[in-house]
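Examination of the molecular architecture
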Amino acid sequence: MEKDIHREILEKFPIIEEIQGSELKEKIIKAWARALKEGSFKNLEDIPFSVTIPEVNLVDHVKWVMEVALFIASLVEKGMGISVNRDLLIASVLLHDLGKAFEYQKKGNRYVKSDIGKKFMHGFWGTYIALEERVSKDLAHLIASHSKDSPEHPQLLEGIILHYADFAHADILRFQKGMQTFLSMKG
Ligand SMILES: [Fe+2]
C-alpha cells in the first residue's frame, strides 16, 4: 500500500528524481503520501486546482508551474548570473499546494471546502504537514508565503520565481473563464 502510494507520487511527479538531496526527496514523497492518506482524495489526479476551476487537476497545475519556474530559473542563472537553489525551487513547486489535498473535498458532483479548508488556508496547512515531515525552514517559508492571502511575502529568490510561475497559471485559467484575475485585485 505504502509502496503503491510512493510509486504513484513518483509517476505523477517524475521531477522528484532530479532533486539532488536524497533526504529532501524522501520528505517530499512522505509529505504527499500523507496528504493522500489523511486528505480528502485517494489519488493525486482527483485533487482539483480549485473549487472554482475543478476541471484542471492539481498535478497538471504543479507541472505547469514547474516548467515555468525552471525556465525562469535558467534565465536568471544563465542570463543574469544569479544562482538559484534548484533543489529548493523544485521542492517548493512540488509542495506549495500540498494543503489543497486537505482544503477541498468532493460533494456529489461538486467540489467544496472541507472542514480544514474552512478553518485554514491551504498555504498554512501545507506548511504544517511539510514541517511535520521536517522540511527546512526555508522550504516551509516558501510554502507558507506563496499564497496571495499569506501575511508574509517571499524572502527568497526561489519564492519570487514560484509566485510568478504560480500566479501566471492561476490568472490565465481565471481570465479564460471570465473570472476576476488576481492581477486586477492587486493594489
Ligand atoms: Fe499553485
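Going by the structure above, here's the rest.
Scope of this entry: the structure provided in the associated data block. (Residues numbered from 1 in each chain as written. Predicted model: local features only at pLDDT ≥ 70, side-chain atom pairs only at ≥ 80, totals over all residues. Heavy atoms only, no water.)

Regarding the layout of surface pockets
Note the following rule: Cavity and pocket criteria rest on a 1 Å grid covering protein atoms alone: a 1.4 Å probe that fits but cannot get out defines a cavity, protein on both sides within 12 Å along at least 5 of 7 lines defines an open pocket, and an atom within 4 Å of a point defines a lining residue. Grid points are joined across faces, edges and corners, and a volume is the space filled by probe spheres set on the points. Secondary structure is summarised from DSSP: a helix means a run of H or I of at least four residues, a strand means a run of E of at least two, and numbering begins at the N terminus for each.
In this structure, the largest pocket occupies an estimated 460 Å³ of space. For the largest pocket, the lining is made up of 24 residues, of which Lys100, Tyr104, His122, Lys148 and Phe182 are closest to its centre. Of all the secondary-structure elements, those providing two or more residues to the lining of the largest pocket are α5 (100-103) and α9 (157-176). Ranked by residues supplied to the lining of the largest pocket, first place goes to α9 with 4 residues.

Observations regarding the environment of Ile19
Rule in force here: Any pair of residues with heavy atoms lying within 4.5 Å of one another is described as a contacting pair.
Along the chain, the position of Ile19 falls in the loop between α1 (2-12) and α2 (22-38). Between the C-alpha atom of Ile19 and that of Lys42, which follows or precedes it by 23 residues, the distance is 25 Å. Beyond its immediate sequence surroundings of up to four residues, Ile19 is in contact with Leu24, Lys25, Ile28, Asp87, Ile90 and Leu94.

Focus on the packing of helix α3 (residues 58-80) against helix α4 (residues 86-95)
So the rule is basically this: For helices, the fitted axis covers only the stretch in contact; all axes are lines through C-alpha atoms, and the angles between them, taken along N-to-C directions, range from 0 to 180 degrees. To sort the angles, those under 35 degrees are grouped as roughly parallel, those over 145 as roughly antiparallel, those from 65 to 115 as roughly perpendicular, and the leftovers as oblique. Left-handed describes a crossing whose near helix is turned anticlockwise from the far helix by less than a right angle; the clockwise case is right-handed.
One can describe the packing of α3 onto α4 by two numbers: an axis separation of 9 Å at closest approach and a directional angle of 155 degrees. In terms of axis orientation, α3 runs roughly antiparallel to α4. Once α3 is placed against α4, the crossing between them reads as right-handed. Two secondary-structure elements touch here, α3 through Val62, Val65, Met66, Ala69, Leu70 and Ala73 and α4 through Arg86, Leu89, Ile90, Val93 and Leu94.

A few points about unusual backbone geometry
Formally: Summary of the burial criterion: residues with accessible area below 20% of their type's maximum are buried, those above 50% are exposed, and those between are partly exposed, where the area comes from a 1.4 Å probe applied to protein chains only.
Positive phi is not limited to glycine here, since Arg134 has a value of about 65 degrees. Positionally, Arg134 belongs in the loop between α7 (122-132) and α8 (137-145). Take Arg134: its relative accessible area is 68%, and that puts it in the exposed class.

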